[in-house]
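Spelled out, the chains give:
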2 protein chains.
Amino acid sequence: MPKIQNIKIAVDAIVFGYQNKQLFVLLIKQKYGIFENKWVLPGGLVKNEEALTNAVVRELKEEAGITVNYLEQLFTFGDDIKRDPRNRVISVAYFALVNPQKLVLKADTDAKDVAWFTLNEIPKLPFDHNLIITKAVNRLKSKLHYQPIGFDLLPKYFPFSDIENLYKTILNRNIDRRNFRKKMLSFDILKETNQIQKNNTGRPAKLFQFNYNKYKELEEKGFHFEIKFA
Amino acid sequence: MPKIQNIKIAVDAIVFGYQNKQLFVLLIKQKYGIFENKWVLPGGLVKNEEALTNAVVRELKEEAGITVNYLEQLFTFGDDIKRDPRNRVISVAYFALVNPQKLVLKADTDAKDVAWFTLNEIPKLPFDHNLIITKAVNRLKSKLHYQPIGFDLLPKYFPFSDIENLYKTILNRNIDRRNFRKKMLSFDILKETNQIQKNNTGRPAKLFQFNYNKYKELEEKGFHFEIKFA
DNA sequence: TCAAAAGTGTTTCGCCTACACCCATGT
DNA sequence: ACATGGGTGTAGGCGAAACACTTTTGA
């Protein structure tokens, strides 16, 4: 007679934000339990009649009051049986991007606090959450090369230098400005607006907008976004 | 008072095999239950104290008597709440490759029958298994371009034309023989043996061997396998 | 007029592409 | 000698890489 399965299933979200040439990850401070007051990834148990994706969306709303811009499944963590010291819990981790307008947070019902951490600031976290974050960062880095997801971290209208700096920051390397601009614009997925952004200093910049529909259209025709660096 | 979570967690495996210029997927015939006598992907419920990966390995052993050559997590299917009409079941799907020596199967304890199906032969399957297979096929196709996994579908020693035909077959396109050979050999991850394979007809071929250690070594140094076609 | 960031072209180099004939074996 | 699959080289084109000065603004 086999024992009845007794495994819990949870979702966790790694939410990235970008501002001022810095990449951030969203963490929440736990309100209850053995990890009270510890920072952890937002997430929680899936409800019986709830799609996994909905569980993530709900948790992000409940715990941090945000709605994300991009969401995809990252990986399911279930090989380490003791990853949660209390019960056997399998976690389906999701990878999410928000743009800076959403960087305003409020700790909602389920969290004591919410905050953005740069990668360096992230402390040692409970469970395998540091590992999950590492995996998410790798995914982000590699996706930048073959999917135009950088724009989901930027506001709707942005100066070209924003996307350039975003690549430099996240990939942590220098990029030839001229070649990068030429390549990126050659895809024809950015719409040049006639708005201008003035900075405190330096020449004002034209604002661009990511043309999602154009991108989807090109993709249908077999186009593949790809950007590489020397 | 929240209801207790009542979700089952299962693993499923999509095992690919290759022989005679044909790609196969492994299916088993169910022995019990409402889908008795139906073909389905090998898999089953995860045990309470069992790592996900071990669950897959165990199921493949129990249901098909095989050990695979390559195994990676594919995707977790849990958005469709009714994917299993009986209970809420979330399935963590794995993607596996075997080489033809392992194409010998035996229906073991838990399955009534086991067989290899070409993609065309696969019938309409219960659950979302057709969808899972589609996703796995896409993963296989795209991975061939940037990871040397084709060799996990071939025997240890193989004539060069085998890998070339494998690419042609799976990607379903023609490939320039000379350019393909030049590129593949230029990576320096194939060891030329001094064995020769005689065929029924035509000139005998040198046998090659995939040099896994060399590949790992190069990868450490920042090398990235990548093969493209016009 | 200086500082700071935006904007812009050309040459060089290496890689991918296209392409066809000879070789070794069995029948 | 013929059929079958194995094995090989080169020229041209195209895109990636390297590289620095001018423009516009605010202080």
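Below, the structure is looked at part by part. (Residues numbered from 1 in each chain as written. Chains lettered and ligands numbered in written order. Predicted model: local features only at pLDDT ≥ 70, side-chain atom pairs only at ≥ 80, totals over all residues. Heavy atoms only, no water.)

## Focus on the pattern of salt bridges
Next, step 1: Across all of its chains, the model carries 31 salt bridges over all chains by this definition.
Next, step 2: A salt bridge links arginine 139 of chain A to glutamate 72 of chain A, with the shortest nitrogen-to-oxygen separation between them at 2.8 Å. Here arginine 139 of chain A, found in helix α2 (residues 129–146), pairs with glutamate 72 of chain A, found in strand β5 (residues 70–77); they are 67 residues apart in sequence, far enough to count as distant.
Next, step 3: Here glutamate 72 of chain A falls in the buried class, since its relative accessible area comes to 12%.
Next, step 4: Residues glutamate 50 of chain B and arginine 58 of chain B are paired through a salt bridge, measuring 2.5 Å at the closest nitrogen-oxygen approach.
Next, step 5: Assessed through its relative accessible area of 17%, arginine 58 of chain B is described here as buried.
Next, step 6: Because the salt bridges share partners, they merge into one network encompassing Glu50, Arg58, Glu59 and Glu62 of chain A. (Salt bridge = Lys/Arg side-chain N within 4 Å of Asp/Glu carboxyl O. Helix = DSSP H or I, 4+ residues; strand = E, 2+ residues; numbered from the N terminus. Buried < 20%, exposed > 50% of the residue type's maximum accessible area, 1.4 Å probe, protein only.)

## Things to note about the relation of the copies chain B and chain A
Next, step 1: When chain B is fitted onto chain A, the two copies agree to an RMSD of 0.1 Å after a turn of 179° and an axial shift of 0.0 Å. What we have between these two chains is a two-fold relation.
Next, step 2: When the interface residues of chain B are mapped onto chain A, 100% of them again lie at the interface, so the same face is used by both copies. (Least-squares fit on C-alpha atoms with pLDDT ≥ 70 in both. Contact = heavy atoms within 4.5 Å.)

## Here's the deal with the pairing of strand β10 (residues 205–210) of chain B
Residue and element names in this part refer to chain B.
Next, step 1: Pairing of strand β8 (residues 157–159) with β10, which is carried by three bridges, proceeds in the antiparallel orientation. The residue of β10 that forms the bridge with proline 159 is leucine 207.
Next, step 2: Bridge count for strand β9 (residues 190–197) against β10 is five bridges, and the pairing is antiparallel. Paired with glutamine 197 across the bridge in β10 is alanine 205. (Pairing = 2+ DSSP bridges.)

## Here's the deal with the protein's contact with DNA strand D
Next, step 1: Taken together, 23 residues sit near DNA strand D, with Ser161, Arg177, Arg181, Gly202 and Arg203 of chain B positioned nearest.
Next, step 2: Taking alanine 230 of chain A, its main chain carries an N or O atom lying 3.4 Å from a phosphate oxygen of DNA strand D.
Next, step 3: Between DNA strand D and glycine 202 of chain B there is a distance of 3.1 Å, counted from a base oxygen to a backbone nitrogen or oxygen.
Next, step 4: Elements with a contribution of two residues or more to the surface near DNA strand D: α4 (177–186) of chain A together with α4 (177–186) and β10 of chain B.
Next, step 5: Split by residue class, the surface near DNA strand D holds five nonpolar, six polar and twelve charged. (Near = heavy atom within 4 Å. Polar contact = N/O pair within 3.5 Å; in protein donor to acceptor, adjacent residues only side chain to side chain. Nonpolar A, V, L, I, M, F, W, Y, C, P; charged D, E, K, R; others polar.)

## Let's talk about the protein's contact with DNA strand C
Next, step 1: Near DNA strand C there are 22 residues, and of these Ser161, Arg177, Arg181 and Lys182 of chain A together with Pro204 of chain B occur at the shortest range.
Next, step 2: Taking threonine 201 of chain A, its side chain carries an N or O atom lying 3.0 Å from a sugar or linking oxygen of DNA strand C.
Next, step 3: Here lysine 182 of chain B contributes a side-chain N or O atom positioned 3.5 Å from a base nitrogen of DNA strand C.
Next, step 4: Listing elements by their share of the surface near DNA strand C, those giving two or more residues are α4 and β10 (205–210) of chain A together with α4 of chain B.
Next, step 5: Looking at the surface near DNA strand C residue by residue, the class counts come to five nonpolar, five polar and twelve charged.

## Digging into the environment of leucine 125 of chain A
All names here are of chain A.
Next, step 1: Its location among the elements puts leucine 125 in the loop between β7 (111–118) and α2.
Next, step 2: In this structure leucine 125 comes out as buried when scored by relative accessible area, which is 4%.
Next, step 3: Remark: the alpha-carbon pair of leucine 125 and glutamine 101, spanning 24 residues in sequence, is separated by 27 Å.

## What about the sheet that holds β10 of chain B?
All names here are of chain B.
Next, step 1: Strand order in this open sheet of three strands is β8-β10-β9, and the pairing throughout is antiparallel. A single partner strand is all that each edge strand has here, and the edge strands are β8 and β9. This sheet shows a mean twist of 40° between the axes of neighbouring strands, independent of strand direction. (Axes fitted to C-alpha atoms, helices over the stretch in contact; angles between N-to-C directions.)

## Quick notes on the packing of aromatic side chains
All names here are of chain A.
Next, step 1: Within this structure, the stated rule accounts for 34 aromatic pairs over all chains.
Next, step 2: With 6.2 Å between their ring centres and 20° between their planes, phenylalanine 180 and phenylalanine 229 make a pair best called stacked. A residue pair is termed long-range when its members are at least 10 positions apart, and phenylalanine 180 in helix α4 and phenylalanine 229 in the segment after α5 (212–220) qualify at 49 residues.
Next, step 3: With relative accessibility at 2%, the residue phenylalanine 180 sits in the buried group.
Next, step 4: Aromatic side chains phenylalanine 210 and tyrosine 215 sit 6.1 Å apart centroid to centroid with 45° between the ring planes, which places their arrangement in the tilted category.
Next, step 5: The exposure class of tyrosine 215 is buried, given its relative accessible area of 6%. (Phe/Tyr/Trp six-rings, centres within 6.5 Å; stacked < 30°, edge-to-face > 60°.)

## A closer look at the environment of asparagine 165 of chain B
Residues and elements named next belong to chain B.
Next, step 1: If you trace the backbone, asparagine 165 turns up in helix α3 (residues 160–171).
Next, step 2: The exposure class assigned to asparagine 165 is buried, which follows from its relative accessible area of 17%.
Next, step 3: Remark: the alpha-carbon pair of asparagine 165 and phenylalanine 127, spanning 38 residues in sequence, is separated by 33 Å.
Next, step 4: With residues near it in sequence (within four places) discarded, asparagine 165 still touches Tyr18 and Lys21.

## Here we look at the sheet that holds strand β9 (residues 190–197) of chain A
Residue and element names in this part refer to chain A.
Next, step 1: Ordered by their spatial adjacency, three strands build an open sheet running β8-β10-β9, and the pairing between neighbours is antiparallel. Looking along the sheet, the strands with just one partner apiece sit at the ends: β8 (157–159) and β9. Each strand axis lies, on average, 40° off the axis of its neighbour in the sheet, ignoring direction.
Next, step 2: Along the sheet face, helix α3 (residues 160–171) touches β8, β9 and β10 and points at about 75° away from the line of β8.

## A look at the pairing of strand β5 (residues 70–77) of chain B
Residue and element names in this part refer to chain B.
Next, step 1: The element β5 is extensively covered by neighbouring structure, given that six of its eight residues are classed as buried.
Next, step 2: Examined bridge by bridge, β5 and strand β6 (residues 89–97) share seven bridges and lie antiparallel to one another. Looking at β6, one finds that glutamine 73 is bridged to tyrosine 94.

## Some details on the packing of helix α2 (residues 129–146) of chain B against α3 of chain B
The description of two packed helices rests on the angle between their axes and on the distance between the axes.
Residues and elements named next belong to chain B.
Next, step 1: For the pair α2 and α3, interaxial distance at closest approach is 10 Å and the crossing angle is 140°. Comparing the axis directions of α2 and α3 gives the class oblique. Here α2 and α3 pass one another in a crossing that is left-handed. From α2, Leu140, Lys141, Leu144 and His145 reach across to α3, where they touch Leu166, Tyr167, Ile170 and Leu171.
Next, step 2: Taken together, the residues of the contact of α2 with α3 break down into six nonpolar, one polar and one charged. (Parallel < 35°, antiparallel > 145°, perpendicular 65-115°, else oblique. Left-handed = near helix turned anticlockwise from the far one by under 90°.)

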